[in-house]
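Descriptive analysis of the structure
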Amino acid sequence: MVNPEHLELRLLRAVALARAGDRSPAEALVADPMIAAHLQYHRQHPLGHPMEDAVTALLTAGVSLPEVPADLGPLVPGRHHH
């Protein structure tokens, strides 16, 4: 089963929206501080994870991430990681 709130899926949806010229909805998908912190982590700590490419694609499409401290939090907002 696919969870539409999973961070990787949200990020890819935001990239697609931004590339289609819908930057406001794309920015809304990554505006939550917890989501932005996770994406900032992948931007600031390149280890070859696929999300790094998606974050780069989002930035290249003109969407800026909120300036929050990087934190590798949960992949589904509202669910805590262990």
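Quick note: structure is the one above.
Cut-offs used in this document
- Residues numbered from 1 in each chain as written.
- Predicted model: local features only at pLDDT ≥ 70, side-chain atom pairs only at ≥ 80, totals over all residues.
- Heavy atoms only, no water.
- Helix = DSSP H or I, 4+ residues; strand = E, 2+ residues; numbered from the N terminus.
- Rg over C-alpha atoms; globule rule 2.2 N^0.38 Å.
- Buried < 20%, exposed > 50% of the residue type's maximum accessible area, 1.4 Å probe, protein only.
- Contact = heavy atoms within 4.5 Å.
- Expected span 1.5 Å × (residues − 1).
- Polar contact = N/O pair within 3.5 Å; in protein donor to acceptor, adjacent residues only side chain to side chain.
- Axes fitted to C-alpha atoms, helices over the stretch in contact; angles between N-to-C directions.
- Parallel < 35°, antiparallel > 145°, perpendicular 65-115°, else oblique.
- Left-handed = near helix turned anticlockwise from the far one by under 90°.

**Describing the overall build of the protein chain**
Within the protein chain one finds 4 helices and 0 strands. For 82 residues, the compact-globule formula gives about 12 Å, and the C-alpha radius of gyration of the protein chain, at 12 Å, lands near that figure. Taking the principal axes of the C-alpha coordinates as reference, the protein chain spans close to 35 × 30 × 20 Å.

**Things to note about the side chain of Arg10**
Note that Arg10 resides in helix H1 (residues 7–19). Note on Arg10: relative accessible area 12%, which makes it buried. Apart from residues no more than four positions distant in its own chain, Arg10 is found in contact with Pro4, Glu5, Ala28, Leu29 and Ile35.

**Describing helix H4 (residues 50–60)**
For an α-helix, the turn length of 3.6 residues means that residues three or four places apart are oriented alike. Among the residues of H4, Met51, Glu52, Ala54, Val55, Ala57 and Leu58 are the ones counted as buried. Each element contacted by the buried residues of H4 is listed here: H1 and helix H3 (33–44). The first or second residue beyond H4 is Gly62, which carries a positive phi of 95 degrees.

**Looking at the side chain of His38**
Position of His38 among the secondary structure elements: in helix H3. Overall, the relative accessible area of 2% leaves His38 in the buried class. Leave out the neighbours within four places in its chain, and His38 touches Leu7, Met51, Asp71, Leu72, Gly73, Pro74 and Leu75.

**Description of H3**
A rise of 1.5 Å per residue sets the reference length of H3, with its 12 residues, at 16 Å; its end C-alpha atoms lie 16 Å apart and thus fit the reference within 8%. Those residues of H3 lying buried are Ile35, Ala36, Ala37, His38, Leu39, Gln40 and His42. At its buried positions, H3 is contacted by H1, helix H2 (23–29) and H4. Capping of H3 at its N-terminal end is provided by Asp32; its side-chain oxygen lies 2.8 Å from the backbone amide nitrogen of Met34.

**Overview of the packing of H1 against H4**
Describing two packed helices takes the angle between their axes plus the distance from one axis to the other. Their axes nearest at 9 Å, the elements H1 and H4 cross at an angle of 30 degrees. Regarding the angle of H1 to H4, the classification is roughly parallel. Note on packing geometry: the crossing formed by H1 with H4 is left-handed. For the pair H1 and H4, the contacting residues are Leu7, Glu8, Leu11, Leu12, Ala14, Val15 and Arg19 in the first and Met51, Ala54, Val55, Ala57 and Leu58 in the second.

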